[in-house]
Each structure stands twice: as structure tokens, then as C-alpha cells.
Amino acid sequence: MKYYIIAGEASGDLHGSNLMRGLYEEDPAAEIRFWGGGMMNGVYRSHNSADGLPEAEGCGLVKDYGEGAVMGVADVLAKAGRLLGNLRFCKEDILSWKPDAVILIDYPGFNMKIAKFAHKAGFKVFYYIAPKTWASREGRNRKLRQWVDRLFIVFPFEIPYFESKAIPFTYVGNPLIDAIDGSRAMSESREDFLNRHSLADRPFIALLAGSRKSEVRRTLSKQLEMADRLHETARYREHIFLVAGAPSRSESDYLDEIGKRDYVRLIFDDSYGILRNSESAVINSGTASLEAALIGTPQVVVWSTSGFNAFIGKYILRVLDHIRFISLGNLIADRLVFPELIQDDFTVENICAETRALNEHAEYREAMLRGYDEIRSALGGAGASRKVAKAMIDCCSEGRQA
């Protein structure tokens, strides 16, 4: 069968790559055309080189997500022209290729529009990593019921929510467990990690500033000022602060800010390795915070946005008083397993204090790690990506038989 997959950011590329593996395992003759990134393209290339057959016409990467990722109202307005052009192109491309299913991964600002189009054009529509309507924009639930054949959700707390909204869904666990447990970072030795990155065996603290340029700009400067202050103290003089470069960013997005700090290293394409080999991490809120919990790295989550977006966010959270946390791990546990420093609380002083607590207070650290066990247990076992792929194939087959 033919699958048209759309992922619009780094986390979508990760989940999309694992879903593609599952589709190829369950449907070896699958033809896949996709919007994504390096991970999805790597799976595609690996599959097609392994079977030794010529590539089916029209399959492969259409657009790299790094060309169009946006965050916040202001960013959307600034890039409106390019987004509209991508939407027009995507619609024409789907019509031309005629897939058996259109699979949308997160990225609701773009993908909800494609859901509407694909449904009206008569294509089967699956939405993987459902829009977080439990946090904002509940009005999208009506559109999900109307335009999406099936949601594939990845968090246990979403089950009662989408049941109450009468939206058909499937939950078979969270694909991050597969992605992390099967990664190189979880199997290689610390010595191999050090050798790959030409690092001395010194203690590390991980700094993850986000995947979008606006996030990096707002977050990295405070993370680095925290590194400066800790480096000035005797206890942290030998620490190296490892900045995890996001796949969609370039060195220039970081190096001007890092400057000549010889105790800070920028590393791309190995966020799992950085997290696994670090004592603690300061992480911009997002998928990375859940990844740190599953890897087992004590963390403090930070987040800030523009004043305009913060104003809108505060209004939304006042309306949705059931949302108590911004981090997925804390939402899954339904309690504050790890600290969140949001907007005005995101200060250099607070980051320093939390990082020192993570590294220096064993009881605080151990309590967080016990909370991580709760999070992992709640997400279910291995094999979620392949189970999702099989469920999608079954849905497509039912439609053909009907």
C-alpha cells in the first residue's frame, strides 16, 4: 500500500522514522512518500538499499521539516507566505500521488489543514501523536471527529479525554521507549561516547535549548550564564557543559553565543548520548524532557516565550484549570516529578539552584529517579511503533474490503 506521511519537526521525524520501520516490517512492499527529516530519510534509504529492488516511483523525501518549522503566533505571521506555499504544494502532491492513507504526525498548525483537505478529497486520514487539545484549542476536537478516520495517541492520560470527546482512537503505548531503548546511546560504553566526541572523562551537565531558532535564542543565553556561574565554583571547575545541537539547527545558531568558553562543547546528532552520560540536564520543555526521564537523567525543565505568546498561554491555562504542568513526564505521573521553571521563574539563579540540588543532594536525585520509574511504567512496554503500523494497515485493509 501507499502511505503519505507528514512530520513537521524534530520529534515528528523521530516518531515518523520508527513508524516507517513498523510499516516496512508489517508491509514489506510499502510505498512511502514523506515530509520529514534525516531520521525518516535514513530509514527509507536503509530499507530500499537492503531489499535490492529499484525504488518505486514517487517514493522518498518530499521536503525537509527544517525548512518550515515555526513556533508561536509571531513566527507563524512572519513565515505565512512560505507556509501557504507549502500547503498548496502538499495538497497538489497528495492528489497527484494518490496514497492509500495520509498519516499526519503532530504539527497541528499545518497538519489540521491537510486533514481537512485529505478527508474532503476522499483519502483515509490517520493522525499519529494527536494534537494536544487537552491543553489548548479544544475546538479542534470537532474537526478531528469530522476529518480524521482514527487518532493514534501516545499518552495514557489522553485515553479518558478522547473517550469523553467521542473521537475514535488507538493507544498501544509510547514509541519513545522503542526509540530510546534501541538507540546506540543505551548500548555503547562511556568510553566509546568519549572517543566519538574526543572528550576527556570529566563530569558533564547537558544543556538542551530546544529545536526551533526562537527557543534556542531565548534559552541558551541563560543556560550558558548558569554554566559560567557554576564553572567559577571549585566543585564545578572540571565540569564540561554539553550543548545538544538540534537537528534542524546549524552551528551558527549556537557558536556566537558560546563564544570562547572552553568548558562548553556543542555536539550534534547525539542528544541521547549526551543525556545518558551527563550528571544532570537543563532542558527546554518538549519531547526532550520525556526522553531524559526515560533515559534516567535528573533534570530541570525551563521554558519561556515572547510576552505576546505568554499572555495568550496564561489565558488558556486559566480556562483549562486541569492542566497543572507543561512537561509530558509530569503530566503522565500527574505530579511534579522534576521541577519546571516557567517564564518569570526561568532565571539564572533558579537554574543554578536546581542544578546544584540535582547534583549535590542524593535524596532529591533518588526521589526523581523513582518518579522516572513511574513514568516509564505508565507508558507501557516495547513495540508501540510496530503496533501502530499494524493498526494503520488493518484500517486500510478494512476500507479496501468494504
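Predicted model, so just to flag it, every value in this text is computed and none were measured.

Rules used throughout
- Within any chain, residue numbers begin from 1 and follow the written order of that chain's sequence.
- With the structure being a predicted model, the display of local features is reserved for residues of pLDDT at least 70 and the display and counting of side-chain atom pairs for 80 or more, all residues being used for whole-chain, interface and lining totals.
- Heavy atoms throughout the structure, all of them, feed into the side-chain values; hydrogens and water do not.
- Numbered from the N terminus, helices here are DSSP runs of H or I no shorter than four residues, and strands are runs of E no shorter than two.
- Residue exposure (1.4 Å probe, protein chains only): buried if accessible area is under 20% of the type maximum, exposed if over 50%, otherwise partly exposed.
- Whether two residues touch is decided by their heavy atoms; if any such pair falls within 4.5 Å, the residues are in contact.
- Note on areas: these come from Shrake-Rupley sampling with a 1.4 Å probe, and a residue is covered only by the protein chains present in the view.
- In plain words, nonpolar cores are sets of buried Ala, Val, Leu, Ile, Met, Phe, Trp, Tyr and Cys residues tied together by side-chain atoms within 4.5 Å.
- Salt-bridge detection follows one rule: a side-chain nitrogen of Lys or Arg within 4 Å of a carboxyl oxygen of Asp or Glu.

> Hey, could you run me through the overall build of the protein chain in this one?
The secondary structure content of the protein chain amounts to 18 helices and 13 strands. Taking all 402 residues of the protein chain together, the buried fraction comes to 54%. In the protein chain, the proportion of contacts linking residues at least 24 apart, taken out of those at least 6 apart, comes to 67%. On the protein chain, roughly 17600 Å² of surface is accessible, and the fraction owed to carbon and sulfur atoms is 50%.

> Would you mind showing me how to read the nonpolar core here?
One finds Ile 103, Tyr 128, Leu 151, Phe 162 and Ile 375 to be the most contacted residues of the largest nonpolar core, which totals 130 residues. Here this core gets seven residues from one element, more than from any other, and that element is helix α18 (residues 384–401). The residues contacting Tyr 128, other than those within four sequence positions of it, are His 15, Leu 19, Ile 103, Leu 104, Ile 105, Asp 106, Phe 152, Val 154, Pro 175, Ser 385, Val 388 and Met 392.

> I keep staring at the pattern of salt bridges and nothing clicks. Help me out?
Pairing is possible between side chains of opposite charge, provided their charged atoms come close. The final tally for this structure, using the stated rule, is 20 salt bridges. Between Glu 188 and Arg 196 there is a salt bridge, with the nearest N and O atoms lying 2.7 Å from each other. Accessibility expressed as a relative area gives 32% for Arg 196, which makes it partly exposed. For the salt bridge of Asp 253 with Lys 213, the shortest nitrogen-to-oxygen distance reads 3.9 Å. Of this pair, Asp 253 sits in helix α11 (residues 252–258) while Lys 213 sits in helix α10 (residues 213–231), placing them 40 residues apart in sequence. A relative accessible area of 18% places Asp 253 in the buried class. Here the residues in one salt-bridge network are Glu 9, Arg 212 and Glu 215, joined through shared partners.

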